[in-house]
Amino acid sequence: QVQLVESGGGLVQAGGSLRLSCAASVRPFTRFAMGWFRQAPGKEREFVGAISWSGDTIYDGDSVKGRFTISRDYAKNTMYLQMSSLKPEDTAVYYCAFKWGDAVSSSGQYAFWGQGTQVTVSS
C-alpha cells in the first residue's frame, strides 16, 4: 500500500503561481513514476503531467505545457507541480498518482491516488 499526501493548493489570482507537493510513503529502493491529474467541476479527470524515476517528464499537449513544471525530490519521495501564469480554466481539484514503471498519461495505469487539493484561480 502506498499513501500519497498532497499539499499546496489554494486561491490565487490569474497570472499568479502555486506549487503543489505530493509526498509518497513507499519502501526504500522502490522505482516508481508519479503523475498529476485534475478535475474541474462537471468535467472528467484529465492528465496534467507525470515524471518517471529517470526524471523524464511528460505533459498534457497544449493546456499546461510551458506553464507547469514537474519535478521530484528522491530523498523525500516527493513530487512537485510548479504552476505559473495560472488561468481561471486551471481551477480544479488536483490529484497526484503513483505507478510502478515509467510515467504515462493514462489514469487507469496508476495504482494509488492522493486525496486531491483544490486550486482556484480568480479572474
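Anything mentioned here points back to the structure above.
Conventions adopted
- Residues numbered from 1 in each chain as written.
- Predicted model: local features only at pLDDT ≥ 70, side-chain atom pairs only at ≥ 80, totals over all residues.
- Heavy atoms only, no water.
- Salt bridge = Lys/Arg side-chain N within 4 Å of Asp/Glu carboxyl O.
- Buried < 20%, exposed > 50% of the residue type's maximum accessible area, 1.4 Å probe, protein only.
- Helix = DSSP H or I, 4+ residues; strand = E, 2+ residues; numbered from the N terminus.
- Core = buried A, V, L, I, M, F, W, Y, C linked by side-chain atoms within 4.5 Å.
- Lys, Arg positive; Asp, Glu negative; His and termini not counted.
- Polar contact = N/O pair within 3.5 Å; in protein donor to acceptor, adjacent residues only side chain to side chain.
- Contact = heavy atoms within 4.5 Å.
- Phe/Tyr/Trp six-rings, centres within 6.5 Å; stacked < 30°, edge-to-face > 60°.
- Lys NZ or Arg CZ within 6 Å of the ring centre and 35° of its normal.
- Pairing = 2+ DSSP bridges.
- Axes fitted to C-alpha atoms, helices over the stretch in contact; angles between N-to-C directions.

A. Focus on the pattern of salt bridges. All told, the structure shown has three salt bridges when counted by the stated rule. A salt bridge links Arg 38 to Glu 46; the nearest nitrogen and oxygen atoms lie 2.6 Å apart. With a relative accessible area of 33%, Glu 46 lands in the partly exposed category. For Arg 67, the salt bridge identified is with Asp 90, shortest N-O distance 2.8 Å. Residue Arg 67 is found in the loop between strand E6 (57–59) and strand E7 (68–73), and its partner Asp 90 is found in the loop between strand E8 (78–83) and strand E9 (92–100); the two are separated by 23 residues along the sequence. With respect to class, Arg 67 is no different from Asp 90; both count as buried. Here the residues in one salt-bridge network are Arg 38, Glu 46, Arg 67 and Asp 90, joined through shared partners.

B. Focus on the nonpolar core. Within the largest apolar cluster, 28 residues are counted, with the highest numbers of intra-cluster contacts made by Leu 4, Trp 36, Phe 68, Met 79, Leu 81, Met 83 and Tyr 94. Put simply, the parts of the chain that give this core at least two residues each are strand E3 (18–25), strand E4 (32–39), strand E5 (46–51), E7, E8, E9 and strand E11 (117–122). Judged by nonpolar contacts, the second largest core, of seven residues, contains Phe 37, Ala 50, Ala 97 and Tyr 110.

C. Region of interest: the side chain of Lys 99. Within the secondary structure, Lys 99 sits in strand E9. For the buried Lys 99, which has no salt bridge, the nearest side chain bearing the opposite charge is Asp 102, at an N-O separation of 6.9 Å. For Lys 99, the side chain forms a polar contact with the main-chain oxygen of Asp 102, separated by 2.7 Å. Setting aside its immediate chain neighbours within four residues, Lys 99 contacts Phe 32, Ala 33, Val 104, Gln 109, Tyr 110 and Ala 111.

D. Main features of the environment of Gly 8. Mapping Gly 8 onto the fold places it in the loop between strand E1 (3–7) and strand E2 (10–13). On the accessibility criterion, Gly 8 (33% relative accessible area) is partly exposed. Each C-alpha atom of the pair Gly 8 and Val 119 lies 8.6 Å from the other, and the pair is 111 residues apart in sequence. Beyond its immediate chain neighbours, meaning those up to four positions away, Gly 8 contacts Leu 18, Arg 19 and Leu 20.

E. Spatial organisation of the packing of aromatic side chains. Evaluation of the coordinates by the stated rule reveals ten aromatic pairs. With centroids separated by 5.0 Å and ring planes inclined at 90°, the aromatic side chains of Phe 98 and Trp 100 adopt a geometry described as edge-to-face. Given a relative accessible area of 0%, Phe 98 falls into the buried group. Residue Trp 100 is classed as partly exposed on the basis of its relative accessible area, which comes to 48%. By the ring-pair criterion, three or more aromatic residues cluster together here, those being Phe 32, Trp 53, Tyr 74, Phe 98, Trp 100 and Phe 112. Sitting over the face of the ring of Trp 113, Arg 45 holds its NZ or CZ atom 4.7 Å from the ring centroid.

F. Fine view of the sheet that holds E1. Strand order in the open sheet made by the four strands is E1-E3-E8-E7, with antiparallel pairing throughout. The outermost strands of the open sheet, each flanked by one partner alone, are E1 and E7. On average, each strand axis in the sheet is inclined to that of its neighbour by 15°, with strand direction left out of account. Pairing geometry for E7 and E8, over six bridges, is antiparallel. Within E8, the position partnered with Thr 69 by the bridge is Gln 82.

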